[in-house]
Amino acid sequence: MTALQPVRGTRDILPEEMRRHRRVIETARWVAERYGYQEMAVPLFEFTDVFSRTLGETSDIVTKEMYTFAMKDGERLTLRPEATAGIVRALISGGLSQHLPLKFFFAGPMFRYERPQKGRQRQFHQIDIELLGVAEPQGDVEVIAVGSQILDALGIGAKATLELNSLGDPESRAAYRGVLVEYFGDHRDRLSDDSRARLERNPLRILDSKNEGDRGLVAAAPVFSDYLNDYSRDYFAKVRAGLDLLGIAYQVNPRLVRGLDYYTHTAFEFVTTELGAQGAVLAGGRYDGLAETMGGPATPATGWAGGVERLAMLLAVAPEPPRPIAVIPIGEACEGIALRLSEDLRRSGLVVDLGFAGNLNKRMKRANKQNARVAVLLGEDELAANVATLRDLDTGVQEKVALDQLAEHLAQFS
Ligand code: ATP
Ligand code: MG
């Protein structure tokens, strides 16, 4: 029965994988916070225009990946495929522009209708930071530094390299666009159908084509850096100088373009060779024109999004769940006190496992299965003396501890 399968491109995240996700998200949140980025969230869906008018009408997302549905009144809504457009919408509709600059951190699920494969799903998760209202190259340096520190804090910094490019300002872009139209126009018949359609509307996107035939042409295409005007060239130099100063290694990749139309100047991707074709783990850039495109005040901005699934796969090991304290009543008469004691210990912040039934033997087996750190044995002898027997499950050493000192005593095991 197909209805009992998860929908194609969606997955259940069971506890072990969830712990990986949590490690990624909590680390990112914590690192971003140190730079002053505050967590916020935008809705899971928006009016379709928020995405279709901003991401670019030839972008993969808008042309084929959006989950769009119509309401009874004909209003069209779209599940968010990314965070930036929604956050900029929030900036404008919430009148936040007067508080610029703003720094936001965001984490949550995104939806894109694409071909599922390892590291590519239809529902996936992103971490995201946005720095709004900062036009200086230092802004780009900062967001890249945040990304770099997150990768290091996750212990995967060595598995990813930073690729960097400049997409210039609108003037440089127009100049480069002209050159590209000419170049690809000369090879029109060798382009894929998709790219031929892009030729008229957005030739830059051809550089991002995943089609093998296009790739050959792209490799020999003129490069953006030759067409940057002085301002853009200087801007890019300052971003690189900032990264050099911080000792953040990068490779300039003149072929790097981002899939979305709203980028200007800085574009970057942290890529890994460990995930097959899905190598980009964290990617972003500067998007000075986006707020204005949406009808808001011109707002320089920069940021990135990271793929939680891909980052989680790079973690060497899944974090372990906390080791509980196993509370074990011996005999029915002791079950009440075991229940109450467990409650008290949990209230004092300890992780406690209390089985629901079974004799000593069965409960000890459970304690081992739960990887318990220590067992608290409560039998009638203990009760009479107001103590509990503690058994260190790693060493087997036992001791008796007064019940009213138990929480304090157990803290050393957590
Ligand atoms: P790709 O070239 O892999 O399709 P993208 O350019 O579409 O990536 P972005 O829009 O920049 O991706 O999103 C930022 C990050 O989110 C990516 O670098 C990747 O790690 C992750 N990501 C994007 N799409 C997916 C997906 N369908 N499934 C899982 N992760 C994804
Ligand atoms: Mg994509």
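Residues numbered from 1 in each chain as written. Chains lettered and ligands numbered in written order. Predicted model: local features only at pLDDT ≥ 70, side-chain atom pairs only at ≥ 80, totals over all residues. Heavy atoms only, no water.

## Remarks on the sheet that holds strand S7 (residues 161-166)
Part 1: As summarised here, the arrangement of the 8 strands in space is S1-S5-S6-S11-S10-S9-S7-S8, forming an open sheet in which the pairing is mixed. Sheet topology places strand S1 (38-39) and strand S8 (251-252) at the edges, where each strand pairs with a single neighbour.
Part 2: In the sheet, strand S10 (residues 280-286) pairs with strand S11 (residues 301-307) via 5 bridges, with the strands oriented antiparallel. Bridge assignment links Gly285 to a residue of S11, and that residue is Gly303.
Part 3: Strand contacts of helix H9 (residues 230-246): S7, S8, strand S9 (264-271) and S10, with the helix running at about 160° to S7, the strand carrying the most contacts. (Pairing = 2+ DSSP bridges. Helix = DSSP H or I, 4+ residues; strand = E, 2+ residues; numbered from the N terminus. Contact = heavy atoms within 4.5 Å. Axes fitted to C-alpha atoms, helices over the stretch in contact; angles between N-to-C directions.)

## Some points on the pattern of salt bridges
Part 1: Counting across every chain of the model gives 21 salt bridges.
Part 2: Here Asp392 makes a salt bridge to Arg373, at a shortest N to O gap of 2.7 Å. With Asp392 in strand S15 (residues 387-392) and Arg373 in the loop between helix H13 (360-369) and strand S14 (374-378), this residue pair connects regions lying 19 residues apart in the sequence. When sorted by exposure, Asp392 lands in the same class as Arg373, which is buried.
Part 3: With a closest N to O distance of 3.5 Å, Asp394 and Arg373 form a salt bridge. Taken together, the residues Asp394 in the loop between S15 and strand S16 (398-402) and Arg373 in the loop between H13 and S14 connect sequence positions 21 residues apart.
Part 4: A single network of salt bridges, built from pairs that share partners, joins Asp60, Lys64, Asp194, Arg198 and Arg205. (Salt bridge = Lys/Arg side-chain N within 4 Å of Asp/Glu carboxyl O. Buried < 20%, exposed > 50% of the residue type's maximum accessible area, 1.4 Å probe, protein only.)

## Notes on empty space enclosed by the protein
Part 1: In total, this model carries 2 cavities of 30 Å³ or more according to the counting rule given.
Part 2: Taken as a whole, the largest cavity spans an internal volume of roughly 50 Å³.
Part 3: Split into classes, the residues belonging to the lining of the largest cavity amount to 5 nonpolar, 1 polar and 4 charged.
Part 4: Taken as a whole, the second largest cavity holds about 40 Å³ of empty space.
Part 5: Breaking the lining of the second largest cavity down by element, the ones donating at least two residues are strand S12 (325-329), strand S13 (352-354) and H13.
Part 6: Partitioned by chemical class, the residues of the lining of the second largest cavity number 5 nonpolar, 1 polar and 3 charged. (1 Å grid on protein atoms, 1.4 Å probe; cavity = no way out; pocket = protein on both sides within 12 Å on 5 of 7 lines; lining within 4 Å. Points joined across faces, edges and corners; volume = space filled by probe spheres on them. Nonpolar A, V, L, I, M, F, W, Y, C, P; charged D, E, K, R; others polar.)

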